[in-house]
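# Inside the fold
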Protein chains: 2
Amino acid sequence: MDVRDAGFQGNLDADQSESQISHLALDIGGSLIKLVYFSRNKDSPIDNNKDSKDSVIEGRLNFSNFETSKINDCLEFILSKKLHLGGFRCHEAPDGDKILIKATGGGAYKFADLIKEKLGVSIEKEEEMDCLVAGANFLLKAVHQEAFTYMDGRKEFVHIDHNDLYPYLLVNIGSGVSMIKVDGDGKFERISGTSVGGGTFWGLGRLLTNCKSFDELLELSHQGNNRVIDMLVGDIYGGLDYSKIGLSSTTIASSFGKAISDNRELEDYKPEDIARSLLRMISNNIGQISYLNALRFGLKRIFFGGFFIRSHAFTMDTISVAVNFWSKGEAKAMFLRHEGFLGALGAFMSYEKCGRDDSMAHQSVQRYPVCKPIVGDKICYPLNGDLNDNGSLECSVYAV
Amino acid sequence: MDVRDAGFQGNLDADQSESQISHLALDIGGSLIKLVYFSRNKDSPIDNNKDSKDSVIEGRLNFSNFETSKINDCLEFILSKKLHLGGFRCHEAPDGDKILIKATGGGAYKFADLIKEKLGVSIEKEEEMDCLVAGANFLLKAVHQEAFTYMDGRKEFVHIDHNDLYPYLLVNIGSGVSMIKVDGDGKFERISGTSVGGGTFWGLGRLLTNCKSFDELLELSHQGNNRVIDMLVGDIYGGLDYSKIGLSSTTIASSFGKAISDNRELEDYKPEDIARSLLRMISNNIGQISYLNALRFGLKRIFFGGFFIRSHAFTMDTISVAVNFWSKGEAKAMFLRHEGFLGALGAFMSYEKCGRDDSMAHQSVQRYPVCKPIVGDKICYPLNGDLNDNGSLECSVYAV
């Protein structure tokens, strides 16, 4: 399948027929399951390009996600839409193993038996880092206006020169954080990571507030003031800067450092202030460790992906400020519009490796095309959007 | 004053006379106030070395600390022992400013007026980083068996070659963390830091547990199991290692990542497990950022100081493991027995700069001497020791 002429649309096509869906890929992480699947446009003929060796099918890539703890909801969603038939057929396999679904992330190992039992299909496991890199490379090369910088509330798209993309640092912020030096297609090394990631934000956030969802916590952080709980340089220096070493009075000296006070208990702090301090601590820490690793390998570009970010303005701002602060303005954080689906997209792209023996969909994944936006600069994930209703990516595929 | 022939003793001398105390120095941080003062041995004559231009006084350096929030307790302690008279006299100053006490840390600015009001002495502010470095250099050069490594429960003293000490990375873990590249006496640069430090451990720990003190939280962490709350690689991978990238199933993938579960609230977790996860997250993070900074500047030695460590076995072990893991065995974390008093010692050493116009104690601080241990390898701070009863450092001073 060759994805091209792609743009973004805000919603799934509600009346898409089940028979038009094919090529499901899963990324089953510690906290979230991400799904990518292709749906053919109703009016797209299977063979509309007789001059070409390969015909083109118009359709779209759809994105969806579920909490890993609610995997049964996810499997029911797959069954209801018959997405599980969107794998590829392996004629040599014994009965029952004929349909294989591409999946990556630790859950591809952990839940393989459950998926086989519930869906009657087998999992073809794809290596997690391979998929993250393949997904990021696809987005950076194939999708127009995918990467952008974000600072002081200003979003600026970054032009990606295909001949000057590598090397770059890919920082994928899921439950934990992986840092990958990418040197080309399939050429990469996981150089670092940190356990202080999205799972830490949501895990500590749940324990410290009454929030019922990650998004509620994120939204709350937007309204909070971290200075209530964080110990600032000015708190230690009596309101003064510590100018000799370049620390202003508002620099955070110690995250949560004011909570050491005997006079206040957890219930005396506003949840929004806690959420804000937590988000700032974690985003700043990731930005710092990312920058130090980029510096170590002389990488000029740092792309941040993973479901932690969710296009959340304050998260991106904090990461950007951290990279800017530690690099003294020499490095820039960049973000990806399809940030949360790198691994799932990579697993999806790996159908290419299955060759053309796919009697169901008659499609095969091919090299990266150039995508043109159809709906321009429409944001895929609204800041506080419904995570089960992500934007889809319009595209064309080759049918063989 | 020239400190030499020093060793460690576990307790303050209970019957030391007030008149024998001189040279008080303070380090007033965001969480703790650290005090260092010299007390003359009762039987030590002021002039016992008639052959020398300078006479030698036998005595000891005493260490004490208070929470910054309880500064009034600290000032009462100082008054009760008349330590505030242990500054130096400045005859040219107007009345009321004649006695100056050396102090460093942000509180030297914040509390200068309060100290003047309560003690009737003025603060002579010393720069915080200058003091940390001076204190560390003094300990590393002057005190035998000051630095050690700690791994898997084994403590090994490190021989410090005075001709091959510099450069090194000093990581001071107070409320926040400072990372300083030290190139010589007074030659240094603060290259990095992190806001995730001791204040974060104690602040978050207070909010998440019912602990009443930092030491209670630290002690609790000793009994806990971080695997209850941390999301391990094996939790994501169904018990398997993620061997391709060198992560074992027991590696922490996401600190506090299991707390995202809907089924358990804060009260369902044991405080000791929370304390352990918190300590591991923060120690590991500091170890990682320290190593990345050491690598950046090609520093072979990393010394960890600051009151966060408190000779706590698990803290040192986690930092050591982090440095070992990230450096692939190439770097080693080292610790200091007087870890918590670097800044206060540095402020104390700065009396040297006051010259010899000190009619009260007739002493002046001079160059670093070599210290010999008197009581051998006696640990200064017991693992769960009383923080208001720290070990003192026996020494001799020159009286002029």
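What you are looking at is a predicted structure, and each value in this text was computed from that prediction instead of being measured. (Residues numbered from 1 in each chain as written. Chains lettered and ligands numbered in written order. Predicted model: local features only at pLDDT ≥ 70, side-chain atom pairs only at ≥ 80, totals over all residues. Heavy atoms only, no water.)

### Focus: the environment of Gly199 of chain A
What counts is decided by this rule: Secondary structure elements are taken from DSSP: a helix is a run of H or I of four residues or more, a strand is a run of E of two residues or more, and numbering for both begins at the N terminus.
Positionally, Gly199 of chain A belongs in helix α5 (residues 198-208). For the pair Gly199 of chain A and Ala344 of chain A, spaced 145 residues apart in sequence, the C-alpha separation works out to 19 Å.

### Thoughts on the interface of chain A and chain B
This is how it is decided: By definition, residues are in contact when any of their heavy atoms lie within 4.5 Å. Summed over both partners, the accessible surface that disappears when two parts come together, traced with a 1.4 Å probe, is what is meant by buried area. Salt-bridge detection follows one rule: a side-chain nitrogen of Lys or Arg within 4 Å of a carboxyl oxygen of Asp or Glu. Polar contact is the term for a pair of N or O atoms within 3.5 Å; when the atoms are in protein, one must be able to donate a hydrogen and the other to accept it, and sequence-neighboring residues count only if both atoms are side-chain atoms.
Contact residues are listed per partner, giving 63 residues for chain A and 63 residues for chain B. Note on chain A versus chain B: buried area summed over both sides is about 5300 Å², and carbon and sulfur give 58% of it. It is Arg206, Leu207 and Ile260 of chain A that lose the most area in chain A upon contact with chain B, and together they represent 13% of the buried surface on that side. For the interface between chain A and chain B, the tally reads 5 salt bridges. A salt bridge links Glu265 of chain B to Arg206 of chain A, with the shortest nitrogen-to-oxygen separation between them at 3.0 Å. Between chain A and chain B we count 29 residue pairs in polar contact (both at pLDDT 80 or more) in total. Put simply, the parts of the chain that give the side of chain A that touches chain B at least two residues each are α2 (107-110), α4 (128-142), β12 (187-194), α5, α7 (233-236), β14 (252-254) and α8 (271-296) of chain A.

### Observations concerning the side chain of Arg337 of chain A
Residues and elements named next belong to chain A. Under the convention used in this document: Here's how the labels work: a residue is buried when its accessible area is under 20% of the maximum for its type, exposed when over 50%, partly exposed in between, all with a 1.4 Å probe on protein chains only.
If you trace the backbone, Arg337 turns up in the loop between β16 (332-336) and α10 (342-349). We classify Arg337 as buried; its relative accessible area is 3%. Within the local environment of Arg337, its side chain forms a polar contact with the backbone oxygen of Gln145, the two atoms lying 2.5 Å apart.

### Thoughts on the nonpolar core
This is how it is decided: To form a nonpolar core, buried Ala, Val, Leu, Ile, Met, Phe, Trp, Tyr and Cys residues must be joined to one another through side-chain atoms within 4.5 Å.
Core analysis: the largest hydrophobic core is formed by 238 residues, its most contacted members being Phe304 of chain A together with Phe304 of chain B. If we ignore the near neighbours within four places in the chain, the residues touching Phe304 of chain A are Val171, Ile173, Ile286, Ser290, Ile309, Ile319, Val323, Ala333, Met334, Phe335 and Leu336 of chain A.

### Notes on the relation of the copies chain A and chain B
So the rule is basically this: The copies were overlaid by least squares, fitting only the C-alpha atoms of residues that reach a pLDDT of 70 or more in each copy.
Its rotation angle being 180°, the transformation that places chain A on chain B also includes 0.0 Å of axial translation and leaves an RMSD of 0.0 Å. With respect to symmetry, the two chain copies, as superposed, fit the operation of a two-fold axis. Most of the interface of chain A is mirrored in chain B, where 100% of its interface residues are also at the interface.

### Regarding the sheet that holds strand β15 (residues 301-305) of chain A
Residue and element names in this part refer to chain A. Put simply, the rule is: One requirement defines pairing of two strands: DSSP has to find at least two bridges between them. Each axis is a line fitted through C-alpha atoms, taken for helices only over the stretch in contact, and angles between the N-to-C directions span 0 to 180 degrees.
The sheet built from 7 strands is open, its strands ordered β9-β8-β16-β15-β10-β11-β12 with mixed pairing. Every interior strand has two partners, whereas the edge strands, β9 (154-157) and β12, have only one. Sheet twist, expressed as the average angle between the axes of neighbouring strands with direction ignored, equals 30°. As defined by bridge partners, strand β8 (residues 147-151) adjoins β16 across 2 bridges and the pair is classed as antiparallel. Looking across to β16, one finds that Ala147 is bridged to Leu336.

### Section: the domain arrangement of chain A
Residues and elements named next belong to chain A. So the rule is basically this: Start and end points for every domain follow an automatic or database-based domain assignment. Here the term charged refers only to Asp, Glu, Lys and Arg, the term nonpolar to Ala, Val, Leu, Ile, Met, Phe, Trp, Tyr, Cys and Pro, and the term polar to all other amino acids, Gly among them.
The domain architecture assigned to chain A consists of domain 1 (2-131 + 341-383 + 391-399) and domain 2 (147-229 + 269-336). Opposite the 15 residues of domain 1 that make contact, domain 2 presents 17 residues. Each partner contributes to the roughly 1200 Å² buried at the junction of domain 1 and domain 2, and carbon and sulfur atoms together form 67% of this total. Across the contact surface, domain 1 and domain 2 share 0 salt bridges. Viewed at the interface, domain 2 and domain 1 are joined by 1 residue pair in polar contact (both at pLDDT 80 or more). Those elements that provide at least two residues to the side of domain 1 that touches domain 2 are β3 (32-40) and α4. For the side of domain 1 that touches domain 2, a count of residues per class yields 8 nonpolar, 3 polar and 4 charged.

### Focus: the packing of helix α4 (residues 128-142) of chain B against helix α10 (residues 342-349) of chain B
Residues and elements named next belong to chain B. Convention followed: An angle counts as roughly parallel when it lies under 35 degrees, as roughly antiparallel when it exceeds 145, as roughly perpendicular when it falls between 65 and 115, and as oblique in every other case.
The N-to-C vectors of α4 and α10 enclose an angle of 90°; their axes lie 6 Å apart at closest approach. The orientation of α4 with respect to α10, classified from their angle, is roughly perpendicular. When α4 is examined against α10, the residues Cys131, Leu132, Ala134, Gly135, Ala136, Phe138 and Leu139 are found in contact with a partner set consisting of Leu342, Gly343, Leu345, Gly346, Ala347 and Met349. Residue composition of the contact of α4 with α10, by class: 10 nonpolar, 3 polar and no charged.

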